[in-house]
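Descriptive analysis of the structure
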Amino acid sequence: MKEFQCGSLVPGCQWHTRHEDEAEIMRRAAEHMRETHGETIIRETMIEAIRSRIEKVRSAA
Ligand SMILES: [Zn+2]
């Protein structure tokens, strides 16, 4: 299981997402950036910033 916490990129944002598939996390994060943070264009630097902040987590028992 992997997790992305938006607060690691946008201080104060509580949004986060978890999924087995990193590609799915990227897709959700890009959607969140558009809808919540008004990032109409998701730049390569943004993609890299998100990817570098995805962390492996153990699924809750
Ligand atoms: Zn956010």
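Preceding block: the structure.
Note that the structure is predicted; figures quoted are calculated from it, not measured. (Residues numbered from 1 in each chain as written. Predicted model: local features only at pLDDT ≥ 70, side-chain atom pairs only at ≥ 80, totals over all residues. Heavy atoms only, no water.)

Notes on the overall build of the protein chain
A tally of helices and strands in the protein chain yields two helices and three strands. Listed N to C, the secondary structure of the protein chain is β-β-α-α-β in terms of helices and strands. Taking 10 Å as the expected radius of gyration for a compact globule of 61 residues, we find that the protein chain reaches 11 Å, a close match to that expectation. For the protein chain, the proportion of its 61 residues judged to be buried stands at 30%. Long-range pairs, those at least 24 residues apart, make up 46% of the contacts in the protein chain between residues at least 6 apart in sequence. (Helix = DSSP H or I, 4+ residues; strand = E, 2+ residues; numbered from the N terminus. Rg over C-alpha atoms; globule rule 2.2 N^0.38 Å. Buried < 20%, exposed > 50% of the residue type's maximum accessible area, 1.4 Å probe, protein only. Contact = heavy atoms within 4.5 Å.)

Concerning helix α2 (residues 44-52)
Listed as buried for α2 are Met46, Ile47, Ala49 and Ile50. Considered in projection along α2, the buried side chains sweep an arc of 165° and stay on one side of the axis. Turned more than 90 degrees from where α2 packs its buried face, Glu44, Thr45 and Ser52 sit exposed. (Arc of directions from axis to C-beta.)

Thoughts on the packing of helix α1 (residues 22-37) against α2
Look at α1 against α2: their axes get within 10 Å of each other, and the N-to-C directions meet at 125°. With respect to each other, α1 and α2 are oriented oblique. The interaxial crossing formed by α1 with α2 has right-handed handedness. Within the contact between the two elements, α1 uses Glu22, Met26, Ala29 and Met33 and α2 uses Met46, Ile47, Ile50 and Arg51. For the contact of α1 with α2, the per-class residue count stands at six nonpolar, no polar and two charged. (Axes fitted to C-alpha atoms, helices over the stretch in contact; angles between N-to-C directions. Parallel < 35°, antiparallel > 145°, perpendicular 65-115°, else oblique. Left-handed = near helix turned anticlockwise from the far one by under 90°. Nonpolar A, V, L, I, M, F, W, Y, C, P; charged D, E, K, R; others polar.)

What to know about the side chain of Glu24
Counting through the fold element by element, Glu24 comes out in helix α1. We classify Glu24 as buried; its relative accessible area is 18%. A polar contact of 3.1 Å, which involves the side chain of Glu24, links it to the side chain of Arg27. (Polar contact = N/O pair within 3.5 Å; in protein donor to acceptor, adjacent residues only side chain to side chain.)

Looking at the sheet that holds strand β1 (residues 2-5)
Backbone hydrogen bonds hold the strands of a sheet together, and the pairing may be parallel or antiparallel. Across the sheet, which stays open at both edges, the three strands sit in the order β2-β1-β3 with antiparallel pairing between neighbours. Each having just a single partner strand, β2 (16-19) and β3 (55-56) make up the two edges of the open sheet. (Pairing = 2+ DSSP bridges.)

Things to note about the coordination of the zinc ion
Donor atoms from the polypeptide that coordinate the zinc ion comprise Cys6 (SG), Cys13 (SG), His32 (NE2) and His37 (NE2), at 2.0 to 2.3 Å from the metal. Cys13 gets classed as buried once you look at its relative accessible area, which sits at 15%. (Donors = N, O, S within 2.8 Å, 3.2 Å for Na, K, Ca; no water.)

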